[in-house]
Structures are given as structure tokens and as C-alpha cells.
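Commentary on secondary and tertiary structure
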Amino acid sequence: MNFLRLGPAGREIPIVQHDGTSFDLRSLTADLDGAFWSADGIARTRAALEHGELAELPDAGALRVGAPVARPNKIVCIGLNYRDHAAETGAPLPAEPVVFMKDPMTLVGPFDDVHIPRGSTQTDWEVELAVVVGTTIRYAESPEQAMRHIAGYAVSHDVSERGFQLERGGQWDKGKSCETFNPLGPWLVPADEVGDPQALSLRLWVNGVLRQDGTTKDMIFPVAHVVWYLSQFMVLYPGDVINTGTPAGVALGLPDHPYLRAGDVVELEISGLGRARQALVAA
């Protein structure tokens, strides 16, 4: 069962895909937002499918795919969370998760264009596992307890501008919050259908060349720890997105630093969570 949002930007409709068929969720919810996830939206969708209460959407394949999460309160990111990525950047392994925020308005669909910012010379790619919060989390008692608050997982592209991030005062948010810098999707898969989030492969290609090929088992801080840890410092609300870090292979860590340029195409996938594709265009 996959949850997604289809239609023009700003006018997407909520959809669930089940056994190859797309069903309209507007009889249950206006959108895939925090209210839907927190009100047992996944369980209610399963019940509606079982009882044949949802209308099919036969033309779903002709519609634009939006981000599978509507209007998150925040996007929280974890930096340097893969051993090989920390090594390629020359950074020591962090003793605690490296946390930064990303403007929620960076969220776009998985096949939308990504805009290279004006003045950018170091726009970089990062495939990441995104965690979507299902119910409010504050001061989780343990990593195991924190996992019970997760709605599901999705493919995330944490696009970065390294010059803005590292050379303009050391404020990471400036290099992470540019327009369109967080394509998400194509869909959200419920947590109980994903299984072990530490057993997923991640891959990313630039212009057909495989650049990243990793696995979530190499995370320094696994998903359960990350969610628990964040809840000690901030309240995580339904629909919030957590980007959990990227494996090695980013342009910053490659000898020739092949940063993205207008006309480039990035493709990325995570096992079981689908595949996305974005063209790079000048802002």
C-alpha cells in the first residue's frame, strides 16, 4: 500500500495505491497532512479498502506526482550519518547526531525540476531515507518507543549547495533551504510494510552514472535512535519529515567535484520505496 498525492502543484489530491490500482482518498481526507496521519489514517485507509469504500482513479498515471506529505511543520536533517560519507568528507565520526533544519517550502514532487540557485557553483546531490512522523513525539522514553510514532518512509533528495553551506559563515541551513531543494517521493510506504529500516539499499545516478550505492545498515545512528534523540530537543509533529543522512558518493567527496549543472538529470531510489527523477534547471 503506497500513499501519494497527484495533481498540479498546490492542488494535489490524496491517493492510495493497492495491488496496482489507484484509489481516491478524498472520502476520508482532504490531504495527506498531519491530521490524516495522526487520526489513524493508515488504519482507516486499510479498512476502507477492505470494505470497497474507495473510488478508483483510472487516469492516475496521467497526473503529476507531488510530494507524498502535505505541508510539514518542519524538515529536520541529520548530517554525517553514514560512516563512508563522513570519511569521504574528511570529518570525524560524530559523537552525537549532527542536526540541522531545512525550510519546509523546499519540498517538491519526485519528478519536479530542481533549481540551481543563482550564484551557485557547488550544487550537490544526496539520496536519503526520509522518516515521516505519524503521531506527536515529545521526550520519547526509548528508541523502541519512538519507532511507534512513525507513519512511514519515503525517498528523499536532500539537495545541497556546498559553497553556501560551508563557505558562507558555516550556517548549513543556507546551503540546504534553496527553492526546490527537497524532492520527496514518489510515495510513502507505511512503516509496518517496510520492515527493518536498517536493511534498505540506496542508489543515485547522475546522467546515468551511478554515484551513490549504499545501505541504511551503515548509518552511524539508526532510525530509532535518531527519532528518539530529536524528541529530547524538539517536539516532532505528525507529518514532520526527518532526512536521516546520505551514504558516500556525493560530489563534495569525489576527486573532481562534479557538481550539478543545468541540464543534468538525477535519478534515485531506495529498495521498496520507489524511484524518482529530477532535471536540473537554472533558477
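In this report, we go over the structure that sits alongside the text. (Residues numbered from 1 in each chain as written. Predicted model: local features only at pLDDT ≥ 70, side-chain atom pairs only at ≥ 80, totals over all residues. Heavy atoms only, no water.)

Within a pair of aromatic rings, the relevant descriptors are the distance that separates the centres and the angle that separates the planes. All told, the structure shown has five aromatic pairs when counted by the stated rule. Both rings, one in Phe 36 and one in Trp 37, keep their centres 5.0 Å apart while their planes meet at 70°; by these two values the pair is edge-to-face. Connected via pairs of aromatic rings, a cluster forms that spans Phe 3, Phe 36 and Trp 37. The positively charged end of Arg 275 is found above the aromatic ring belonging to Trp 205, 4.2 Å away from the centroid. (Phe/Tyr/Trp six-rings, centres within 6.5 Å; stacked < 30°, edge-to-face > 60°. Lys NZ or Arg CZ within 6 Å of the ring centre and 35° of its normal.)

Moving on: the pattern of salt bridges. Tallied over the entire structure, the rule returns 19 salt bridges. Lys 102 is the partner of Asp 158 in a salt bridge, and the nearest nitrogen-oxygen pair spans 2.3 Å. Here Asp 158, found in the loop between strand 11 (150-157) and strand 12 (160-161), pairs with Lys 102, found in strand 6 (residues 98-102); they are 56 residues apart in sequence, far enough to count as distant. Owing to a relative accessible area of 3%, Lys 102 belongs among the buried residues under this scheme. (Salt bridge = Lys/Arg side-chain N within 4 Å of Asp/Glu carboxyl O. Helix = DSSP H or I, 4+ residues; strand = E, 2+ residues; numbered from the N terminus. Buried < 20%, exposed > 50% of the residue type's maximum accessible area, 1.4 Å probe, protein only.)

Take helix 2 (residues 41-50) next. Those residues of helix 2 not exposed but buried are Gly 41, Ile 42, Thr 45, Ala 48 and Leu 49. Take helix 2 and look down its axis: the buried residues cluster within an arc of 125°, on one side only. Summarising the contacts, the buried residues of helix 2 are in contact with strand 1 (2-6), strand 2 (13-18), strand 3 (21-24), helix 1 (34-38), strand 11 and strand 14 (189-190). Downstream of helix 2 by one or two residues, Gly 52 has phi in the positive range, about 65°. (Arc of directions from axis to C-beta. Contact = heavy atoms within 4.5 Å.)

Where strand 15 (residues 201-206) meets strand 16 (residues 209-215), six bridges bridge the pair, whose relative direction is antiparallel. When the bridges of strand 16 are listed, Ser 201 appears paired with Thr 215. What sits between the antiparallel neighbours strand 15 and strand 16 is a turn of two residues, in which Asn 207 has the positive phi angle 50°. The pairing of strand 15 with strand 18 (residues 265-270) spans five bridges and is antiparallel. Its bridge partner lying in strand 18, Leu 202 is registered against Ile 270. (Pairing = 2+ DSSP bridges.)

Our focus in this paragraph is the side chain of Glu 128. The residue Glu 128 is located in strand 10 (residues 127-133) in this model. Comment: no salt bridge for buried Glu 128; closest opposite-charge side chain is Lys 176, at 5.3 Å. Apart from the residues lying within four places of it in its own chain, the contact partners of Glu 128 are Ala 154, Val 155, Ser 156, Asp 158, Leu 202, Asn 243, Thr 244, Gly 245, Thr 246 and Ile 270. (Lys, Arg positive; Asp, Glu negative; His and termini not counted.)

Taken together, four strands build an open sheet; the order of strands is 3-2-1-4 and the sheet is antiparallel. On the outer flanks of this sheet lie strand 3 and strand 4 (65-66), each paired with one strand and no other. Sheet topology note: the strand 1/strand 4 ladder contains two bridges and is antiparallel. Within strand 4, the position partnered with Arg 5 by the bridge is Gly 66. Running at roughly 60° to strand 2, helix 2 makes contact with strand 1, strand 2 and strand 3 of the sheet. (Axes fitted to C-alpha atoms, helices over the stretch in contact; angles between N-to-C directions.)

Time to look at the environment of Val 265. Note that Val 265 resides in strand 18. In contact with Val 265, other than residues within four places in its own chain, are Trp 205, Val 206, Asn 207, Arg 277, Gln 278 and Ala 279.

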